[in-house]
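Inside the fold
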Amino acid sequence: MEKVAIVTGSGGGLGKGIAKRLGKDGFNIVLNDINQELLDSTLEEFKKDGLHVIAVTGDVSKREDQFNLVAKAVEEFGQIDVFVNNAGIDVVSPFLDIDEAQLNKTFAINVNGVVFGTQAAAKQFIEQKTKGKIINACSIAGHESYEMLATYSATKHAVRSLTQSAAKELAAYDIRVNAYCPGVAGTSMWDRIDAEMVKYYDDMEPGDAFKKFSEGILLGRPQEPEDVANLVSFLASDDSDYITGQSIITDGGIVFR
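What counts as what
Residues numbered from 1 in each chain as written. Predicted model: local features only at pLDDT ≥ 70, side-chain atom pairs only at ≥ 80, totals over all residues. Heavy atoms only, no water. UniProt positions renumbered as here; feature names shortened; annotations may be inferred. Helix = DSSP H or I, 4+ residues; strand = E, 2+ residues; numbered from the N terminus. Contact = heavy atoms within 4.5 Å. Buried < 20%, exposed > 50% of the residue type's maximum accessible area, 1.4 Å probe, protein only. Pairing = 2+ DSSP bridges. Axes fitted to C-alpha atoms, helices over the stretch in contact; angles between N-to-C directions. Parallel < 35°, antiparallel > 145°, perpendicular 65-115°, else oblique. Left-handed = near helix turned anticlockwise from the far one by under 90°. Domains from an automatic or database assignment. Buried area = accessible area lost by both parts, 1.4 Å probe. Salt bridge = Lys/Arg side-chain N within 4 Å of Asp/Glu carboxyl O.

Another point: the UniProt feature "active site" (unreviewed entry) in the protein. In the numbering used here, UniProt assigns the feature "active site" (unreviewed entry) to Tyr152. Tracing the backbone shows Tyr152 in helix α5 (residues 150-170). Non-local contacts of Tyr152, meaning those with residues more than four positions away in its chain, are made with Ile89, Asp90, Val91, Asn110, Ser139, Ala141 and Met189.

As structure tokens, then:
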């Protein structure tokens, strides 16, 4: 039976790149995003590429949506084998400007979403009595905290902690839990970060923040979605069966842990 992978936040950006790579690896793909228009566009693109794919709209911060996502995947394909908790949001602000709304929204998506996705996937793996792979979106900001990105960094530190705790509890069920930690990628997320930075630094022009964060990369270029997808592909494969509880950095050489 063909394996099945769910990727949240896969309407665009890194999530789309991850889903496309897993599709090429032979997985049946379940796309998931809160943006219906983006999701529909990616679904049609994947179908034209000959991938076996369905799309399920949902909000990862809502537990019932995550369990519905898994149910729809099982209804269509009969099982799941990999669940990628990719969905997340960024937020840029000075520390003194962080407010309750910012904290609640960012943690609801980046942290609660990972918890609910992990719960939904793990319960299905246990019911199937099969091994499973849960792969979480962390970040270099889950290893090192950054100015103007305090809330985002805090959520990614939480993801790294949750990855370890879940791995320890779920190993008994033959479930591996790991995370991938991207660096600086030329995606719409970094476009937003760049635009927000300009508002707070008088000497910064559009593009400067991206340049500042990427110019120190040892391998000499910003990250591409394929760079992240390559790591997720490995973590989703049988070759990674002896790895669990790890948050692996893929950043071209920025953060060293």
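This part covers the UniProt feature "binding site: NAD(+)" (unreviewed entry) in the protein. The UniProt entry lists Asp33, Asp59, Val60, Asn86, Tyr152, Lys156, Pro182, Gly183, Val184, Ala185, Gly186 and Thr187 under the feature "binding site: NAD(+)" (unreviewed entry), expressed in the numbering used here. Residue placement: Val60 occurs in the loop between β3 (53-57) and α3 (63-77). Contact partners of Val60, with chain neighbours within four places excluded, come to Thr8, Asn32, Gln66, Ala87, Ile109, Gly113 and Phe116. If you trace the backbone, Gly183 turns up in the loop between β6 (175-182) and α6 (188-200). For Gly183, a relative accessible area of 14% corresponds to the buried category.

Taken together, the 7 strands give an open sheet; going across it, the order is β3-β2-β1-β4-β5-β6-β7, and neighbouring strands pair in parallel fashion. Across the chains shown, the open sheet's two edge strands, defined by having one partner strand only, are β3 and β7 (247-250). Averaged over neighbouring strand pairs, the angle between their axes works out to 20° when direction is ignored. Two elements, strand β1 (residues 4-8) and strand β4 (residues 82-85), share 3 bridges in a ladder whose sense is parallel. The residue of β4 that forms the bridge with Ala5 is Val82. Against the sheet, helix α1 (residues 13-24) touches β1, β2 (28-33), β4 and β6, its axis set at about 175° to β1. Strand contacts of helix α2 (residues 36-48): β2 and β3, with the helix running at about 175° to β3, the strand carrying the most contacts.

With their axes 10 Å apart at the nearest point, helix α4 (residues 100-128) and α5 run at an angle of 20° to one another. By the angle between their axes, α4 is roughly parallel relative to α5. For the element pair α4 and α5, the recorded crossing hand is right-handed. Where α4 abuts α5, its residues Gln102, Leu103, Thr106, Phe107, Asn110, Val111, Val114, Val115, Thr118 and Ala122 lie against Thr151, Tyr152, Ala154, Thr155, Lys156, Ala158, Val159, Leu162, Ala166 and Leu170.

With that settled, the discussion passes to the domain arrangement of the protein. By domain assignment, the protein separates into domain 1 (4-183 + 224-246) and domain 2 (186-222). A C-alpha centroid distance of 25 Å is found between domain 1 and domain 2. With 14 residues of domain 1 at the interface, the matching set in domain 2 holds 12 residues. Here domain 1 and domain 2 share an interface that buries about 1,100 Å² over both sides, 62% of which is from carbon and sulfur atoms. When the buried area of domain 1 at its contact with domain 2 is split by residue, Asp90, Val92 and Met148 rank highest and sum to 42% of it. Our enumeration of links across domain 1 and domain 2 arrives at 1 salt bridge.

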